[in-house]
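# Residue-level structural notes
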Amino acid sequence: MATQVPVKTKTAITVARGDGIGPEIMDAVLAILKAAGARIEIEEIEIGEKVYEKGHSAGIEPEAWESLRRTKVFLKAPITTPQGGGFKSLNVTTRKTLGLYANVRPCVAYSPFVDTKHPKMDVVIVRENEEDLYAGIEHQQTDEVVQCLKLITRPGCERIIRYAFDYAKQNNRKKITCFTKDNIMKLTDGLFHKVFDEIGAEYPEIEKEHWIVDIGAAKLADTPEAFDVIVMPNLYGDILSDVAAQIAGSVGLAGSANIGEHCAMFEAIHGSAPRRAGQNLANPSGLLLGAVMMLNHINQPDIAEKVHNAWLKTIEEGIHTYDIYKDGVSKAKVGTREFAEAVIANLGEKPTRLNPVQYNEAAPQSSLHATQRKRKPGQKTIVGVDVFLHWAGGSPEELAEKLNPLQADGLTLKMITNRGVKVWPQGFPETFCTDHWRCRFVATSQTVTHTQIIDLLKHVALAGLDFIKIENLCAFDGERSYSLGQGE
Ligand code: NAD
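A brief look at the structure comes next. (Residues numbered from 1 in each chain as written. Predicted model: local features only at pLDDT ≥ 70, side-chain atom pairs only at ≥ 80, totals over all residues. Heavy atoms only, no water.)

## Considerations on the site of the ligand
Inspection of the region around the ligand gives 19 residues, with Ile79, Gly271, Ala273, Asn283 and Tyr322 positioned closest. Lys76 places a polar side-chain atom, nitrogen or oxygen, 3.3 Å from an oxygen atom of the ligand. Contact distances for the ligand include 3.0 Å between an oxygen atom and a backbone N or O atom of Ser272. Taken by itself the ligand offers 800 Å² of open surface, and the protein chains cover 69% of this. Residue composition of the shell around the ligand, grouped by class: 7 nonpolar, 7 polar and 5 charged. (Near = heavy atom within 4 Å. Polar contact = N/O pair within 3.5 Å; in protein donor to acceptor, adjacent residues only side chain to side chain. Areas by Shrake-Rupley, 256 points an atom, 1.4 Å probe, with all protein chains shown as cover. Nonpolar A, V, L, I, M, F, W, Y, C, P; charged D, E, K, R; others polar.)

## Here's the deal with the side chain of Asn280
Counting through the fold element by element, Asn280 comes out in the loop between strand S12 (264-268) and helix H9 (285-297). A distance of 3.1 Å separates the side chain of Asn280 from the backbone nitrogen of Thr336, its partner in a polar contact. Within the structure, the side chain of Asn280 is placed 2.9 Å from the backbone nitrogen of Arg337, a separation counted as a polar contact. Beyond its immediate sequence surroundings of up to four residues, Asn280 is in contact with Glu24, Gly335, Thr336, Arg337 and Glu338. (Helix = DSSP H or I, 4+ residues; strand = E, 2+ residues; numbered from the N terminus. Contact = heavy atoms within 4.5 Å.)

## Describing the pairing of strand S9 (residues 207-212)
Both strand S8 (residues 175-180) and S9 contribute to a ladder of 6 bridges, which runs parallel. Paired with Thr177 across the bridge in S9 is Glu209. Taken together, S8, helix H6 (residues 188-200) and S9 form a β-α-β motif whose crossover is right-handed. (Pairing = 2+ DSSP bridges. Right-handed = clockwise from strand over helix to strand, strands pointing away.)

## Points about the packing of aromatic side chains
By the definition in use, this model includes 8 aromatic pairs. Aromatic pair Tyr101 and Tyr163: ring centres 6.2 Å apart, planes at 90°, arrangement edge-to-face. Pair noted here: Tyr101 is in the loop between helix H4 (90-97) and strand S4 (102-108) and Tyr163 is in helix H5 (residues 154-170), with a separation of 62 residues, a long-range link. Per residue, the accessibility class of Tyr101 equals that of Tyr163, and both read buried. Centre to centre, the rings of Trp391 and Trp437 are 5.7 Å apart; their planes meet at 65°, and the pair counts as edge-to-face. Note that Trp391 is positioned in the loop between strand S15 (380-390) and helix H12 (396-403) and Trp437 in strand S18 (residues 436-443), a separation of 46 residues in sequence. Trp437 shares its class with Trp391; the two are buried. Taken together through their ring pairs, the aromatic side chains of Tyr101, Tyr163 and Tyr167 make up a single cluster. A cation over an aromatic ring shows up here: Arg127 above the ring of Tyr134, its NZ or CZ 5.5 Å from the ring centre. Its guanidinium or amino end placed over the ring of Phe388, Lys469 lies 5.0 Å from that ring's centre, counting from NZ or CZ. (Phe/Tyr/Trp six-rings, centres within 6.5 Å; stacked < 30°, edge-to-face > 60°. Buried < 20%, exposed > 50% of the residue type's maximum accessible area, 1.4 Å probe, protein only. Lys NZ or Arg CZ within 6 Å of the ring centre and 35° of its normal.)

## Overview of the layout of surface pockets
Here the largest pocket is characterised by a volume of approximately 2,400 Å³. Around the largest pocket, the lining comprises 49 residues; the ones closest to its centre are Leu187, Thr188, Ser481, Tyr482 and Ser483. Looking at the lining of the largest pocket, the elements with two or more residues in it are strand S7 (146-148), H6, S15, S18, strand S19 (466-476) and strand S20 (479-480). Looking at the lining of the largest pocket element by element, the count peaks at 6 residues for S19. (1 Å grid on protein atoms, 1.4 Å probe; cavity = no way out; pocket = protein on both sides within 12 Å on 5 of 7 lines; lining within 4 Å. Points joined across faces, edges and corners; volume = space filled by probe spheres on them.)

## Concerning the pairing of strand S16 (residues 411-418)
Among the 8 residues that make up S16, 6 are buried, leaving the element largely enclosed by the rest of the structure. Examined bridge by bridge, S16 and S18 share 7 bridges and lie antiparallel to one another. What sits directly across from Ile416, in S18, is Cys439. Two elements, S16 and strand S17 (residues 421-424), share 3 bridges in a ladder whose sense is antiparallel. Considered in S17, the bridge of Asn418 is made with Val421. Where S16 folds back on S17, the antiparallel hairpin that results is connected by 2 residues, among which Arg419 adopts a positive phi of roughly 50°.

## Focus on the sheet that holds strand S1 (residues 11-16)
Pairing is mixed in the open sheet, where 10 strands are placed in the order S2-S1-S3-S12-S11-S4-S5-S10-S8-S9. Edge positions in the open sheet fall to strand S2 (40-45) and S9, since each of these has one partner strand only. Taking the axes of each pair of neighbouring strands and ignoring which way they run, one obtains an average angle of 20° across the sheet. Here 4 bridges tie strand S3 (residues 73-76) to S12, and the two strands are oriented parallel to one another. Paired with Val73 across the bridge in S12 is Ala264. Contacts from H5 reach S4, strand S5 (122-128), S8, S9, strand S10 (229-232) and strand S11 (255-259), with the element oriented near 160° to S5. (Axes fitted to C-alpha atoms, helices over the stretch in contact; angles between N-to-C directions.)

So this is what it looks like as structure tokens:
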């Protein structure tokens, strides 16, 4: 009786061709995946310019979400985000709707075949993908002042930082660097750094370090070989992952994975390069390396390895698209289609001068999702309130004169700041003041109730003052949990 060879089942994936150079590079990538024997079943959805034009402000049709929820794997070509108000970024919407909290971007130099000042560079940026200033909570508060809220959560920090450590462990990386600006943002970036130290302690085999992001960024741009894996909050990660990809050789070469607990999205890091569209010019490598990460994610390391090595071999042979072509280094300048054909011809080959990759088993993504620790909620007490006013009436002393009589039972005016700088009491006349004032009231006894705050606001309103918002001043487990005014 003939033995039955088990047929490996196909994995359904959702594919979007995007616009600009998107459709051409997606065609190239899918041709390579097909030739490599990827066990995938494709569901296509439409996203981007045409969908925006149909009136879907996020660039995606409602039915497309059903496919994404069903397959949970998204291979996405770049799209053009229309300029002007009313349109939302599809990337941000997708990341947040599907809970794709980790953005992983390997930035590798392929020297001497792709020109770079940093031939030994091999850095993976792990960027938090959902929080920080990208929460998208913005308000115009006064004539002169607009505000964007920077939100950092403990579960968000725990998830991304544990992901970075697990990623490092599984990929045999030796060191993780954390970038924050916690010398200035002591609570928000301070939390990210604190959680990095806490979780890092569980990984004694991995070297850990923290850099302030400004000098860290300078070091990354100058000496990227000093870094291995770098984990950071959203905004710094957004900027520095592009810098890292560019200095490794070209933004056209880097792929990216956006990983969540339930779904994952894979893409190139570059955009739709509309000026290059439709000319068979674009480099499909970024999207192809994104697809390699996808193949590992869906547990097809054999195909991932085959495709990645064929691609490395093609790069090594000097078969290059215009963006990485260099006289004297490259052998042939090819278009998108011809590049894909060269990769297909190399399937089964390995590079001889660049290091071949080996993917024995797919990174077990499920283990990367941090089981969040159950924490006992802290003992929270309100010890005061910051009342923010829109006021263009005069000097800080004049404002204090208006506020002093309003003090409600149990609350006393302690300080007024303007743009975070203390201007009353004992401010400096040199300090520039705008029409946005933070008036800090603190408890005369131990704690403050919500009713006391409401009473205070009533007095403020009756005095004709325009309050914009309040922030309660809290202590958690007896520890001050708000920042002091500069000069307080
Ligand atoms: P871009 O990355 O599209 O292009 C910048 C330049 O890089 C191009 O002019 C081109 O010279 C080069 N380039 C980029 N990708 C290349 C490739 N694969 N091969 C060869 N050269 C390549 O950035 P942009 O011009 O700032 O943005 C264009 C549009 O893309 C905008 O609408 C932007 O919002 C959007 N965008 C989309 C994504 C995404 O969908 N993930 C990401 C970034 C930007």
